[in-house]
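A look at the structure
Residue-level listing of the chains:
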Amino acid sequence: MKHAALFLFMATSASLGLSQQVVEKIPEIPVSVRNQQPCEDGAVWVQGEWVWDKDQLCYTWVNGHCEKGPKNKAYHPGRWLRAEGGWTWVPGRWESLRGQHRR
């Protein structure tokens, strides 16, 4: 895991209704090598993402992996979202294949 040295702001994202960690600058994605072996049947590649480290007070990169998702769901990768004072990470999630996707 790689620690991103970031200046921290605490903020609440009204648009998401969640208390989130906000940073001034989006950290650089570390070089992460995907396993050259294909995922086993029924599994998909879930890209790496950022996780807040409460001890280090920064986002830490977690490498991607193969994962079997719930039936009739597709994985939507995480993304950075503009927030008051900077940027906040919205984690990836599994969403239903039916109907409209919310992002």
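A quick note: this is a predicted structure, and the numbers were derived from the prediction, not measured.

Buried residues dominate strand β5 (residues 58–62), accounting for four of its five residues. In terms of strand pairing, strand β4 (residues 49–53) meets β5 through five bridges, oriented antiparallel. Directly across from E49, in β5, lies its bridge partner V62. Linking two consecutive strands that pair antiparallel, namely β4 and β5, is a turn of four residues; a positive phi of about 55 degrees is found at L57 within it.

This next bit is on the nonpolar core. Most often, soluble globular proteins have nonpolar side chains that are buried together. Ranked by size, the top nonpolar core spans seven residues in total: V23, W50, W52, Y59, W61, W80 and W89. Not counting residues within four places of it along the chain, the set of residues in contact with W80 comprises V23, I26, P27, W50, Y59, W87, T88 and W89.

Let us look at the packing of aromatic side chains. Enumeration according to the criterion identifies six aromatic pairs in this entry. Arranged with centres 4.9 Å apart and planes meeting at 75 degrees, the rings of W52 and Y59 form a pair that is edge-to-face. Between Y75 and W94, the aromatic rings sit 5.3 Å apart at their centres with planes inclined by 65 degrees, giving edge-to-face as the arrangement. A residue pair is termed long-range when its members are at least 10 positions apart, and Y75 in strand β7 (residues 73–76) and W94 in strand β10 (residues 93–96) qualify at 19 residues. Here the aromatic residues W50, W52, Y59, W61, W80 and W89 are joined through ring pairs into a cluster of three or more.

Counting all residues, the mean pLDDT for the chain is 78, and 72% of those residues have values of 70 or more. By mean pLDDT, the top-scoring element of the chain is strand β9 (residues 86–90) (96), and the lowest-scoring one is strand β1 (residues 8–13) (32). Long-range and interchain partners of residues 1–19, a stretch whose pLDDT sits below 50, account for 43 contacts in this model, where long-range means more than four residues apart.

The rules behind these values
- In this numbering scheme, every chain counts its residues from 1 along its sequence in written order.
- Local features are withheld for residues below a pLDDT of 70 in this predicted model, meaning they are given only at 70 or higher, and side-chain atom pairs are given and counted only at 80 or more; totals for whole chains, interfaces and linings count all residues.
- Hydrogens and water molecules were not included; the side-chain quantities draw on all heavy atoms of the structure.
- The buried label goes to any residue with under 20% of its type's maximum accessible area, the exposed label to any with over 50%, and the partly exposed label to all in between, with areas taken from a 1.4 Å probe on protein chains only.
- Strands are runs of DSSP state E lasting at least 2 residues, helices are runs of H or I lasting at least 4, and numbering of each runs from the N terminus.
- DSSP-based pairing: two strands are paired if at least 2 bridges between them are found.
- We define a nonpolar core as any set of buried Ala, Val, Leu, Ile, Met, Phe, Trp, Tyr and Cys residues linked to one another through side-chain atoms lying within 4.5 Å.
- By the convention used here, residues are in contact when the closest approach between their heavy atoms is within 4.5 Å.
- Any two of the Phe, Tyr and Trp rings considered here, Trp counted by its six-membered ring, make a pair once their centres fall within 6.5 Å; the pair's planes then place it as stacked at under 30 degrees, edge-to-face at over 60, or tilted in between.
- The predictor attaches a confidence to each residue, called pLDDT, with possible values from 0 through 100.

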